[in-house]
Amino acid sequence: MKAAVISFPGSNCDFDMLHALQEFGVEAEIVSAKHNNLKEYDAIFLPGGFSYGDYLRTGAIARFSPIMSAVTQAANDGKLIVGICNGFQILTEAGLLPGQLLTNKKPGFICDEIALSIANPNTAYTNAYDSEEIINIPVAHAEGNYYADAETLTKLEEDNLIVFRYVDNPNGSAHDIAGIMNENGNVFGMMPHPERAVDAVTGNEDGKNFFKSILSGILAGA
C-alpha cells in the first residue's frame, strides 16, 4: 500500500498522519497541494489543520487547490480517500461527502478526548473494532458541527453510512455524527483525530484499530 498525505498551506497534522501510517508499515509520503497527479498512490489522506488559514470558510479555498482534481479522480476510481478534521471539511466542500461542518453549537475551540461509538462496524475504517466498543479519540476543532438536510440525514441512516457517533456530543452535530462515508465506502471523513491516538507515549492507543481496519480492507481487496 502506497499512501499520499496531502499538505495544504496551513496543514498542521500532515506529519502526525505520516507518522501514524508509517508506524503500520505503510509506504507513505507528503504530497504538496500544488501537485495534480495521484495515480501512483493506493490511498489518499487529507489531514487536519487550517488549510489556507480557513480565512473564507473551513476547506472552501483548499477545495480549489490543484490537488483536489486528482483527489476527485482517485475517489471516482475507487481509491481510498480519508479526510480527518480539516480534511473532512475539505471533502464536504468538494462534494465528495454530503453535508457541511458548521461552527460548534457552543462557539469556541474544543481540544479534548471524546468518546465515540462504532456506528457501523462493517467498514474499511472500523472492521478491527468490536461492534459495541466505545473508544476515546482526540478532537481539536471550532467548526465540527455536522449539518445536513433531513433527506440527506435519512439516507445516511438508512444506508448505514454513519461510521462513528459521539457518545456525548461536543459540538451539536446532527444525529451525533462524528464520521461518515460515501455510498461506495471508499471516501470517509471524521472530525476526531485517530492519528493522535496510536502511540503509547501519548497515553491513548484507541486509534490503532482505525489504521488496522484500513490495512485489512486494502489487503483484502488486493
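Residues numbered from 1 in each chain as written. Predicted model: local features only at pLDDT ≥ 70, side-chain atom pairs only at ≥ 80, totals over all residues. Heavy atoms only, no water.

## Remarks on the pairing of strand β6 (residues 110-118)
Pairing geometry for β6 and strand β7 (residues 134-141), over 8 bridges, is antiparallel. Within β7, the residue paired with A115 across the bridge is N136. In this structure, β6 lies alongside strand β9 (residues 162-166), joined through 3 bridges in antiparallel fashion. Paired with I118 across the bridge in β9 is F164. (Pairing = 2+ DSSP bridges. Helix = DSSP H or I, 4+ residues; strand = E, 2+ residues; numbered from the N terminus.)

## Considering the UniProt feature "active site" (unreviewed entry) in the protein
Look at the UniProt record and you will see "active site" (unreviewed entry) annotated at C85, H193 and E195. Spanning 111 residues, the annotated positions come together in the fold, the maximum distance between their C-alpha atoms being 11.0 Å. Lining residues of the second largest pocket drawn from the annotated set just named are C85 and H193. Looking at the element boundaries, C85 is found in the loop between β4 (80-84) and α3 (86-93). (UniProt positions renumbered as here; feature names shortened; annotations may be inferred. 1 Å grid on protein atoms, 1.4 Å probe; cavity = no way out; pocket = protein on both sides within 12 Å on 5 of 7 lines; lining within 4 Å.)

## Here we look at α3
Most of α3 is tucked away, with 8 of its 8 residues classed as buried. Positive backbone phi, approximately 80°, marks G95, located one or two places after α3. (Buried < 20%, exposed > 50% of the residue type's maximum accessible area, 1.4 Å probe, protein only.)

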